[in-house]
Amino acid sequence: MDLLFCPRQTKAGETRVALTPESAQKFREAGFSCVLQTGAGLPSGFADEDYRKAGCEVVEDRSRALASAKLIVGVHPLDEEDYSSLQPGTFMVGFLDPYRNPEKVIGLGRTGATTASLELLPRTTFAQKMDALSSQASLAGYAAVLLAAMRLDKVLPMMMTPAGTLQPCRFLIVGVGVAGLQAIATAKRLGARVTAFDTRPTVEEQVKSLGARFLKIDIGETGQTEQGYAKELTPEQKERQQIGMTKACTESDAIITTAQVFGRPAPKILTAQMLAGMRPGSVVIDMAVSTGGNVEGSEADEEVVQNGVRLIGASNLPTTLPQHASQALANNIFNYVSHVWKPGTGLDLENPDGIAKATVVTAGCQVVHDHVAETYKQRFSKPV
């Protein structure tokens, strides 16, 4: 049986785990022997005993388990101290964030390990069950609304009281991807009035289907990439967008920004001048803060007050819902591995639908993903 190892996450603030007792049982039925590092599931609410009942071996010796593993599943890349324990050909799956973690990716590649980055999965209907980026973004959108509700000085729904009528809170969601759609749905369920904006006119129907209003701003021709992300705007389009959004910002009690372009810094959408008209006590949640931020003045994992408006940089909201976030992530990983791995044979890089080729970043001591390799060559001015 191929040995699967799930190490304890060491990144500060990370509460998720890439293997749950439920997914461990599935892996065992698929022919894997599962090993978990002691305490790896505790931040997500899964005790070591839960894994033992699912047939996992629970060990403390991380180095020995890494050296024996055929497959390693994790949320983030391994630490540099782990590299010496890896055997060539070991297959590692997780969020590598290859465009922002070149040193880690190259370091892992030099060990001879084969690594797959879940962020690189094609955004297709077929790959949805493996799409960890989307599953985590959906939970983040939900959590962003709850965070805004907790920091606001108003209730979200309209309330009829003996003391008078309390008007519903007004939300503006910027960016109608997976996170934005879930934020719209959650805010509506809680009784808020919701307006949403996106540079892609094609999402208007989705916004309206959730009961929200779509903010139309004439910024000229726009579109989306093959992966479904909004295309980057020209400077002239950005200026027209900002003018059109200023009034919407002033009328909003809470704003949630979700706009990110994978592999590039997040676009700056809201300036301090645009937010200056918001009333004191309003809240702005910047969900793109980890990639540069959509909001001028936001800081990662900090709350900054500008003119009475609370700017909250939320860099990793799925960690606030660790049990369900881990459950979704672990299922995504199981579905992905089941698709690209042949028991007894290993990784099938020639998978005809291209899933493996699209996600594998390093193999045979080199970066094999075409776009990532080209990006590294340009960045470091030498072959990798």
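An account of the accompanying structure is given in this report. (Residues numbered from 1 in each chain as written. Predicted model: local features only at pLDDT ≥ 70, side-chain atom pairs only at ≥ 80, totals over all residues. Heavy atoms only, no water.)

Another point: helix H5 (residues 132-151). For H5, spanning 20 residues, the distance from its first C-alpha to its last is 28 Å, which sits close to the expected 28 Å at 1.5 Å a residue. If you check which residues of H5 are buried, you get Ala 132, Ser 134, Ser 135, Gln 136, Leu 139, Ala 140, Gly 141, Ala 143, Ala 144, Val 145 and Ala 148. Buried-residue contacts for H5 involve strand S9 (170-174), helix H6 (178-189), strand S12 (254-257), strand S13 (283-286) and helix H10 (322-340). (Helix = DSSP H or I, 4+ residues; strand = E, 2+ residues; numbered from the N terminus. Expected span 1.5 Å × (residues − 1). Buried < 20%, exposed > 50% of the residue type's maximum accessible area, 1.4 Å probe, protein only. Contact = heavy atoms within 4.5 Å.)

By secondary structure assignment, the location of Ser 117 is in strand S6 (residues 114-117). Here Glu 119 takes part through its side chain, which lies 2.4 Å from a polar atom of the side chain of Ser 117. (Polar contact = N/O pair within 3.5 Å; in protein donor to acceptor, adjacent residues only side chain to side chain.)

The next thing to look at is the packing of aromatic side chains. Inspection of every chain in the model, using the stated rule, returns 6 aromatic pairs. On the basis of an interplanar angle of 75° and a centroid distance of 6.4 Å, the ring pair of Phe 46 and Tyr 51 is categorised as edge-to-face. Of the two residues, Phe 46 and Tyr 51, both sit in the buried class. A connected cluster of aromatic rings, assembled from ring pairs, spans Phe 27, Phe 32, Phe 91, Phe 334 and Trp 341. (Phe/Tyr/Trp six-rings, centres within 6.5 Å; stacked < 30°, edge-to-face > 60°.)

Moving on, we come to a nonpolar patch on the surface. Taken together, the side chains of Tyr 142, Leu 146 and Leu 190 present a nonpolar region at the surface, about 210 Å² in accessible area. Looking at the secondary structure, you find Leu 190 in the loop between H6 and strand S10 (193-197). Since its relative accessible area comes to 34%, Leu 190 is described here as partly exposed. (Patch = residues over 30% accessible without salt bridge, like charges linked within 9 Å, V, L, I, M, F, W, Y side chains within 5 Å. Areas by Shrake-Rupley, 256 points an atom, 1.4 Å probe, with all protein chains shown as cover. Salt bridge = Lys/Arg side-chain N within 4 Å of Asp/Glu carboxyl O.)

Along S12, one buried face is formed by Ala 254 and Ile 256 and the opposite face, lined by Ile 255 and Thr 257, is buried too. Relative to S13, S12 is paired through 4 bridges, and the arrangement is parallel. Counted as the bridge partner of Thr 257 is Asp 286 from S13. (Pairing = 2+ DSSP bridges.)

Strand order in the open sheet formed by 7 strands is S11-S10-S9-S12-S13-S15-S14, and the pairing between neighbours is mixed. Strands with a single pairing partner mark the edges of an open sheet, and in this sheet they are strand S11 (213-214) and strand S14 (303-306). Here S13 pairs with strand S15 (residues 309-313) via 4 bridges, running parallel. The residue bridging Asp 286 from the neighbouring strand is Gly 313, located in S15. Across the sheet, helix H8 (residues 235-250) is in contact with S9, S10 and S12; its angle to S9 comes to roughly 155°. (Axes fitted to C-alpha atoms, helices over the stretch in contact; angles between N-to-C directions.)

Following the criterion strictly, the structure yields 18 salt bridges and no others. Note that Asp 97 is salt-bridged to Arg 100, the shortest N-O span being 2.8 Å. Residue class for Asp 97 comes out buried when judged on its relative accessible area of 16%. Accessibility expressed as a relative area gives 45% for Arg 100, which makes it partly exposed. The partner of Lys 216 in a salt bridge is Glu 204, with the nearest N and O atoms 3.4 Å apart. Pair noted here: Lys 216 is in the loop between S11 and H8 and Glu 204 is in helix H7 (residues 204-209), with a separation of 12 residues, a long-range link. A residue is classified by how much of its surface remains accessible, and Lys 216, at 60% relative accessible area, is exposed.

Of all hydrophobic cores here, the largest spans 37 residues; its most connected members are Leu 19, Phe 27 and Tyr 336. Elements represented by at least two residues in this core include exactly strand S1 (2-6), helix H1 (21-29), strand S2 (32-37), strand S4 (71-73), strand S5 (91-94), H10 and helix H11 (355-359). Top contributing element to this core by residue count: H10, with 6 residues. Ala 148, Ala 183, Ile 285 and Ile 312 belong to the second-largest nonpolar core, a separate cluster that totals 30 residues. (Core = buried A, V, L, I, M, F, W, Y, C linked by side-chain atoms within 4.5 Å.)

With phi around 55°, Asp 301 is a residue other than glycine that occupies positive phi space. Examined against the element boundaries, Asp 301 turns out to sit in the loop between S13 and S14. Here Asp 301 falls in the exposed class, since its relative accessible area comes to 56%. Its identity as a non-glycine residue notwithstanding, Asn 307 has a phi of 55°, on the positive side. By the secondary structure assignment, Asn 307 is in the loop between S14 and S15. On the basis of relative accessibility, which here comes to 62%, the residue Asn 307 falls in the exposed class.

Such coordinate-based values are descriptive only and should not be taken to indicate function.
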